[in-house]
Amino acid sequence: MTNLAVAAALDPGRWQNFLDELGQVLGTRICTQLIGYDQLTNAAPLAYSSGYDPAILHLYETLYADKNPFAANFSKCAVGRSISTDELCETEILKKTDFYADLLRPMEDIYGGGGSMLAFDADRMFLIGGNLRAKDREKYEHEWLQLCVQLAPVIRQSLEINRMISGLSFEKWAAERHLLGVGTAIFVIDPTMLIHFACSKAHELLAKGTLVGSAINRRLQFRSEQAQNQFSAFVRYQARESSNAFSNLQMVDEDGHGWICRAMGVRLGDRDDMPFSAFMTKSVSAILLAIKPNNNYVTIQEKLQAELGLSPVEAASACMLSEGKTLAEIADNRQVSVFTVRNQIKSALAKSGCRRQAELVRKIEQLRLQGIF
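Residues numbered from 1 in each chain as written. Predicted model: local features only at pLDDT ≥ 70, side-chain atom pairs only at ≥ 80, totals over all residues. Heavy atoms only, no water.

Of all 5 residues making up strand S6 (residues 185-189), 5 are buried, and the element is well covered by its neighbours. Burial along S6 is two-sided: Ala185, Phe187 and Ile189 and Ile186 and Val188, pointing in opposite directions, are all buried. In this structure, S6 lies alongside strand S12 (residues 286-293), joined through 5 bridges in antiparallel fashion. Each residue of the ladder has a partner; that of valine 188, found in S12, is leucine 288. Here S6 pairs with strand S7 (residues 195-198) via 3 bridges, running antiparallel. (Buried < 20%, exposed > 50% of the residue type's maximum accessible area, 1.4 Å probe, protein only. Helix = DSSP H or I, 4+ residues; strand = E, 2+ residues; numbered from the N terminus. Pairing = 2+ DSSP bridges.)

Structure, rendered in structure tokens:
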């Protein structure tokens, strides 16, 4: 299970596989869930689940999402500790609720179980938990709660890595399929420029070799001497400074194509139970490097207007949102207020049939994937 949680660190889509396996690991069926929110990355709510009847999930989302008697007492659970469903809501009280009658009892009385708090502060809350049948409580509940506590540190660390990759200045590059959007290459490297992770797009970029490459020793090398010097300076700065640095580079490859290169320093080794312990120690920092084609904004905006029915100002804001800019950055770039940008994004969501900003970004990425842009 630890290996599956580590795999989800750089590929959030694998949380589903993690929960599917977690629900079977004790030899009985447990309905599992990973829930929470993160105001920094606007990933609210983070919600993965396994084992629940789809109709029950739909009923929960439409009628009971804000009426969960368990959620009212999440604050009672200290980070890293476990808490049972009975501690969250006493069984006698729970059984008098519509929540129990409509959701838990129809699924073989799954009011047992509980979970462990992964993070809980002013910006975010994450919880790993599960529901098991009442008849299984005596045999499996204690073992389940112990498992949640044992897995909590590595799950929390993987969520931290998810946050670092999808958060900060390029948070909105996130798309469901590739995390940082179609066409983006992402690397994790150490201070010696050694590549420890490269997504599929990054491997393609390395194989092409017109912008970056690597020798047999797996060390990243920019083809441009200027870019290499700039990036090397950034790596040295990150290695010696206590804060995490951030850098933007605009580059042109040997074929004349423009690229955006964003590098972010992260000190993952300072966190508990680092899954990359083989190379990430207390004294070593890492670099998250994202490289993406520098698309022509004007062309994309025109296509957004035609394909999604957006106005020019809505298309401009949506385009910048899909390229990773925050609302404040969009407002500053376009010399308008954040409130104006927020209203334009809301209008773009309505016209495109999307409910959330992430859905709009994903729709734009899908249009790119289809070759429309």
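The final tally for this structure, using the stated rule, is 7 aromatic pairs. For the pair tyrosine 64 and phenylalanine 99, a centre-to-centre distance of 6.0 Å together with 85° between the ring planes defines the contact as edge-to-face. Within this pair, whereas tyrosine 64 is found in helix H3 (residues 54-64), its partner phenylalanine 99 is found in helix H6 (residues 98-104), the two being separated by 35 residues in sequence. By relative accessible area, which is 9% here, tyrosine 64 ends up buried. Exposure remark for phenylalanine 99: the relative accessible area of 6% places this residue in the buried category. Relative to tyrosine 111, the ring of tyrosine 100 lies with its centre 6.1 Å away and its plane at 65°, an arrangement referred to as edge-to-face. With a gap of 11 residues between them, tyrosine 100 in helix H6 and tyrosine 111 in the loop between H6 and strand S4 (112-120) connect regions that are remote in the sequence. Classification of tyrosine 100 as buried rests on a relative accessible area of 5%. (Phe/Tyr/Trp six-rings, centres within 6.5 Å; stacked < 30°, edge-to-face > 60°.)

This part covers the state of the cysteines. Applying the stated criterion to the full structure yields 0 disulfides. Of the cysteine sulfurs around cysteine 77, a residue in no disulfide, the closest is that of cysteine 148, at 9.6 Å. (Disulfide = S-S within 2.5 Å.)

Since the α-helix advances by 3.6 residues per turn, residues separated by three or four positions end up pointing in the same direction. Inspection of helix H8 (residues 200-208) places Ala202, Leu205 and Leu206 among the buried residues, and these make up the whole buried set. Along the axis of H8, the buried positions cluster into a sector of 100°, meaning they face one direction only. Glycine 209 sits one or two residues past H8 and shows a positive phi near 75°. (Arc of directions from axis to C-beta.)

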